[in-house]
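# An overview of the molecular structure
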Amino acid sequence: EPLNGLFLTGDTAQKIYTKDFDLPQVGLGPGNRINRSILKNYRNSRQILEAAHLLLESYANEATAKHEGITVLKPEYAQRDGARPFACETNNPLKAAWSLAGEWLASGYPGFSVCIATANPDVISVRDIRDGAPAGINTSRLTGDYQMRTDVVVVSDIYNIKGFEFSLIIIVGMGAGEFPPKGVPAGEVWREALRLYVAMTRGRDEVCL
């Protein structure tokens, strides 16, 4: 109702943490609310969103998703094309990541538009990424005011990147046996896929794994 009503908004496909979220239990069952779905995506290029959505379709099966209160909606892609997300295999992921970031910066993009994130901090830590930065490139851990320093490349893990966005995101720690991290139960692999989906959709223009 207009008086004392609640407006709730969000993307349930980005529900990456295990939390109790039961609307009927608090008196907000289907008969007590109006649902509207916004399908149009304006942040990501069509190519990034297509790849990320394929990840959801492969791992967040409908039965599991519904049990967790997740609705996977087929998005309406923005009419904006870009580079296709790509995965590269390398013996030195940090050197490769910083090489790509350096090319991005050299082409005129500001530092804060680039993020290098680790999918497995136990294998490649945020500190490892920062220590691997070439001379002359400033880095900072991801914080809420990262856009205040335009010359700084942002470094994070994929567990804390939700809610932010960058022109380019490079995700390391994705090697064989590194992701999903060891010890993740088979029944929880889909949740790691959701985290990767969130990380990929932080990239507006380009994504590299």
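You'll find the structure just up there.
Below: a short report on this structure. Numbering of residues starts from 1 in every chain and runs along the sequence as written. Note on the predicted model: pLDDT of at least 70 is required for a residue's local features to be given, and 80 or more for side-chain atom pairs to be given and counted; whole-chain, interface and lining totals, by contrast, use all residues. Derived side-chain values reflect all non-hydrogen atoms in the structure, with water molecules and hydrogen atoms excluded from consideration.

### Digging into the pairing of strand β3 (residues 114-118)
Only protein chains enter the area calculation, which uses a 1.4 Å probe; residues under 20% of their type maximum are buried, those over 50% are exposed, and those in between are partly exposed. Strands here are runs of E lasting at least two residues and helices are runs of H or I lasting at least four, both read from the DSSP assignment and numbered beginning at the N terminus. Burial analysis of β3 places 5 of its 5 residues in the buried class, which makes it a mostly covered element. Where burial is concerned, the two faces of β3 agree: the one with V114, I116 and T118 and the one with C115 and A117 are both buried. Of the strand pairs in this sheet, β3 and strand β6 (residues 166-172) are connected by 5 bridges, and their pairing is parallel. Opposite A117, over in β6, you have I171 as the bridge partner. Bridge analysis of β3 against strand β5 (residues 152-157) gives 4 bridges, and the strand direction is parallel. Following the sheet pairing, A117 is matched in β5 by S156. Between any two strands, at least two bridges found by DSSP are needed for them to pair.

### A look at the nonpolar core
L142, Y146, I158, I161, F166, I171 and M200 are the most contacted members of the largest nonpolar core, which has 28 residues in total. Put simply, the parts of the chain that give this core at least two residues each are α1 (46-59), β3, β6 and α5 (189-200). The leading source of residues in this core is α5, at 8 residues. Contacts between residues were defined by any pair of non-hydrogen atoms, one from each residue, lying within 4.5 Å. Once residues within four sequence positions are removed from consideration, I158 is found in contact with A117, T118, A119, I171, F179, R195, L196 and A199. In plain words, nonpolar cores are sets of buried Ala, Val, Leu, Ile, Met, Phe, Trp, Tyr and Cys residues tied together by side-chain atoms within 4.5 Å. One finds V114, I129, V153 and V172 within the second-largest nonpolar core, a separate group that totals 19 residues.

### Quick notes on the packing of aromatic side chains
Here a pair means two rings of Phe, Tyr or Trp (six-membered ring of Trp) with centres within 6.5 Å. Their orientation is stacked below 30 degrees between planes, edge-to-face above 60, and tilted elsewhere. Tallying each qualifying case throughout the model produces 4 aromatic pairs. Both rings, one in W104 and one in Y109, keep their centres 4.3 Å apart while their planes meet at 25°; by these two values the pair is stacked. Classification of W104 as buried rests on a relative accessible area of 9%. Of the residues examined, Y109 reaches a relative accessible area of 33% and is grouped as partly exposed. Geometrically, the ring pair formed by Y146 and F164 is edge-to-face, given 5.7 Å between the ring centres and 70° between the ring planes. Residue Y146 is located in the loop between β4 (138-141) and β5, and its partner F164 is located in the loop between β5 and β6; the two are separated by 18 residues in the primary sequence. Across this residue pair, the class does not change: Y146 and F164 are buried. Site record: aromatic cluster; members linked through ring pairs are F112, Y146, F164 and F166.

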